[in-house]
Amino acid sequence: GAFVVGAAYTGYNEARAQAQAESFLANAAKQTGQAYAAQAGEVAKLRRELGLTTAQATELHAASLRFTGTIGRPQDAGRLSRALANSLAASGRSSSEIPDRLRQLQTGQDELFDVIGPVKIGGTFAGSPEAIYKAYAREILNVKRELTDLEKTQARYYAVLQAGEASVGAAAERMSSS
């Protein structure tokens, strides 16, 4: 009796989490002008590639879509998710950390870059948001001024993509060894 009730409750919670994640994704797709059907296909790829549950992959993609939408690159949401997964795997971290690390990326918290380590921006290695901003301004934008908030967000995004590219395959190797 108790087992059946517990299993039903677990199933209910999983279905509820999935419904919430799908609602979050639908809203993110609408806000960024992206087709929901295309986003659902991207979720399926992330689920397979990163070994996530459907709800986790949906939530991750929705958060990535919102973030990339703020910098005018919603089409790169899947690329951001994969780069973050690869850089975390190369650091010996689990893909379950991606939602928290994505929040740190959005807010510019140092903890994300403490985990993924120094990132190559042009010819410079930078390991903190401030160092990333300076390197991005100098090496990518070729400017000698303080970055705007949007440019700082773009710099953090660029840094994660660079970290992900530098650690391609780490997520796949880790999944195949577990």
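So, here's what we can say about the structure. Just so it is clear, the structure is predicted and the values come from calculations on it, not from any experiment.

Right, let's get into the overall build of the chain. Regarding its fold elements, the chain presents nine helices and two strands. Listing each helix as α and each strand as β along the chain from the N terminus yields α-α-α-α-α-α-β-β-α-α-α. Each of the 178 residues in the chain was classed as buried or not, and the buried ones make up 41%. The contacts of the chain with a sequence gap of at least 6 include a subset with a gap of at least 24, amounting to 56%.

This part takes up the environment of Ala-40. Of note, Ala-40 is situated in helix α2 (residues 36–50). Along the sequence, Ala-40 and Ala-57 sit 17 residues apart, while their C-alpha atoms lie 9.7 Å from each other.

Right, let's get into α2. In this model α2 runs 21 Å from its N-terminal to its C-terminal C-alpha over 15 residues, within 8% of the 21 Å that 1.5 Å per residue would give. Turning to α2, its buried residues are Gln-39, Glu-42, Val-43, Leu-46 and Leu-50. Looking straight down α2, one finds its buried side chains confined to an arc of 110°; they lie on one side. Along α2, exposed side chains directed more than 90 degrees from the buried face belong to Ala-37 and Arg-48.

Tallied over the entire structure, the rule returns two aromatic pairs. Geometrically, the ring pair formed by Phe-67 and Tyr-157 is tilted, given 6.3 Å between the ring centres and 45° between the ring planes. In this pair, Phe-67 sits in helix α3 (residues 54–70) while Tyr-157 sits in helix α8 (residues 149–166), placing the two residues 90 residues apart along the sequence. Overall, Tyr-157 belongs to the buried group, its relative accessible area being 6%. For the pair Tyr-136 and Tyr-158, a centre-to-centre distance of 5.7 Å together with 55° between the ring planes defines the contact as tilted. You can see Tyr-136 sitting in helix α7 (residues 129–141) and its partner Tyr-158 sitting in helix α8, a full 22 residues away along the chain.

Here we come to the pattern of salt bridges. Inspection of the entire model under this criterion finds eleven salt bridges. Between Arg-82 and Glu-42 there is a salt bridge whose closest N-O contact spans 2.7 Å. Here Arg-82 is found in helix α4 (residues 77–90), whereas its partner Glu-42 is found in helix α2, with 40 residues between them in sequence. For Arg-82, a relative accessible area of 22% gives the class partly exposed. The salt bridge partner of Arg-138 is Glu-139, with a shortest N-O separation of 3.6 Å. For Glu-139, a relative accessible area of 31% gives the class partly exposed. Through salt bridges with shared partners, one network takes in Glu-42, Lys-45, Glu-49 and Arg-82.

The rules behind each value
Throughout this document, residue positions are counted from 1 along each chain, in the order its sequence is written. Local features are withheld for residues below a pLDDT of 70 in this predicted model, meaning they are given only at 70 or higher, and side-chain atom pairs are given and counted only at 80 or more; totals for whole chains, interfaces and linings count all residues. The side-chain quantities take in all heavy atoms of the structure and omit both hydrogens and water. Only DSSP runs of H or I with at least four residues qualify as helices, and only runs of E with at least two residues qualify as strands; both kinds are numbered from the N terminus onward. Type-normalised accessible area, obtained with a 1.4 Å probe on protein chains alone, sets the label of each residue: buried when under 20%, exposed when over 50%, and partly exposed for intermediate values. Residue contacts are defined here by distance: any two heavy atoms, one from each residue, within 4.5 Å place the two residues in contact. In this analysis, the expected span of each helix is defined as 1.5 Å times one less than the number of residues it contains. Each direction from the helix axis to a C-beta atom contributes to the arc, which is the arc of those directions. Stacked, edge-to-face and tilted are the three classes for Phe, Tyr and Trp ring pairs, Trp counted by its six-membered ring, which pair at centre distances within 6.5 Å; planes under 30 degrees apart are stacked, over 60 edge-to-face, the rest tilted. By convention in these notes, a salt bridge is any Lys or Arg side-chain nitrogen within 4 Å of a carboxyl oxygen on Asp or Glu.

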